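Listed here are the chains, written in short residue letters.
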Amino acid sequence: MEKIDIQTRKRIDFIEITNQIEQIVKNKNIKSGLCFIFVPHTTCGLTINENADPSVRKDIIEKLSQLIPENGNYSHTEGNADSHIKSSIIGHSLTVFIENNSLQLGTWQGIYLCEFDGPRTRQVWLKIISSI
Ligand code: ZN
């Protein structure tokens, strides 16, 4: 298993991690396989979405915050109940194909760590599996 440390900058923050993951994949020299990506945290998540226009990320963050406000009527009293809910909705893992030593993503796709209770140092775990 490979581990990457990511420093987030704000309470809610989407940080693109495509290049760090791609670099680790390239060092493995895999002709065909899978990259399983996981975050071991309860208040952040992972998503794949557009990395060209930053307004897409802004819209996702604003809509999530409208649906799940920071200050709601929650049972969990740590002050981060909304972060746990956002994290569960976004999810904690992704799987991306690897072909010819490279992650197979669509033209406009990037991999994002989604911080919902930052700033913090987060870990991303990778399991890279060769299928040949
Ligand atoms: Zn909590």
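See the structure shown above.
Parameters at a glance
- Residues numbered from 1 in each chain as written.
- Predicted model: local features only at pLDDT ≥ 70, side-chain atom pairs only at ≥ 80, totals over all residues.
- Heavy atoms only, no water.
- Pairing = 2+ DSSP bridges.
- Helix = DSSP H or I, 4+ residues; strand = E, 2+ residues; numbered from the N terminus.
- Axes fitted to C-alpha atoms, helices over the stretch in contact; angles between N-to-C directions.
- Buried < 20%, exposed > 50% of the residue type's maximum accessible area, 1.4 Å probe, protein only.
- Contact = heavy atoms within 4.5 Å.
- Donors = N, O, S within 2.8 Å, 3.2 Å for Na, K, Ca; no water.
- Tetrahedral: all angles 85-135°; square planar, octahedral: opposite > 155°, others 65-115°.
- Phe/Tyr/Trp six-rings, centres within 6.5 Å; stacked < 30°, edge-to-face > 60°.

1. Considerations on the sheet that holds strand 5 (residues 93–99)
Two orientations exist for strands paired in a sheet by backbone hydrogen bonds: parallel and antiparallel.
Now for step 1: With antiparallel pairing, the five strands of this open sheet are ordered in space as 1-8-3-5-6. Each edge of the open sheet is held by one strand with a lone partner, namely strand 1 (2–7) and strand 6 (102–103).
Now for step 2: Two elements, strand 5 and strand 6, share two bridges in a ladder whose sense is antiparallel. Within strand 6, the residue paired with I98 across the bridge is L103.

2. With respect to the pairing of strand 3 (residues 32–38)
Now for step 1: Relative to strand 5, strand 3 runs antiparallel, the two being bridged by seven bridges. Each bridged residue has a counterpart across the sheet, and for I37 the counterpart in strand 5 is L94.
Now for step 2: Pairing between strand 3 and strand 8 (residues 121–130): six bridges, direction antiparallel. In the strand pairing of strand 8, G33 is matched with S130.

3. Focus: the sheet that holds strand 7 (residues 109–115)
Now for step 1: Spatially, 2-7-4 is the arrangement adopted by the three strands of the open sheet, whose pairing is antiparallel. Strands at the two margins of the open sheet, each flanked by one partner only, are strand 2 (13–16) and strand 4 (44–50). Each neighbouring strand pair of the sheet contributes to a mean axis angle of 35°, computed without reference to strand direction.
Now for step 2: Pairing of strand 2 with strand 7, which is carried by four bridges, proceeds in the antiparallel orientation. When the bridges of strand 7 are listed, D13 appears paired with E115.

4. What about the side chain of R122?
Now for step 1: On the secondary structure map, R122 appears in strand 8.
Now for step 2: Its relative accessible area of 3% is what places R122 among the buried residues.
Now for step 3: Ignoring sequence-local partners within four residues, the contact set of R122 consists of I4, D5, I6, T8, H41, T43, C44, L113, E115 and D117.

5. What about the coordination of the zinc ion?
Now for step 1: The zinc ion binds to the protein through H76 (NE2), E78 (OE), N80 (OD1) and H84 (NE2), with metal-donor distances spanning 2.0 to 2.3 Å.
Now for step 2: One can describe the site at the zinc ion as irregular: its four donor atoms subtend angles covering 87 to 156° at the metal.
Now for step 3: All donors of the zinc ion belong to a single chain; written as a sequence motif, their spacing is H-x1-E-x1-N-x3-H.

6. Focus: the packing of aromatic side chains
Now for step 1: Tallied over the entire structure, the rule returns two aromatic pairs.
Now for step 2: The interplanar angle of 35° and the centroid separation of 5.9 Å between the aromatic rings of F38 and W125 together place this pair among those described as tilted. In this pair, F38 is assigned in strand 3 and W125 in strand 8, connecting sequence segments 87 residues apart.
Now for step 3: Assessed through its relative accessible area of 31%, F38 is described here as partly exposed.
Now for step 4: Assessed through its relative accessible area of 25%, W125 is described here as partly exposed.

Nothing here speaks to function; it is geometry throughout.
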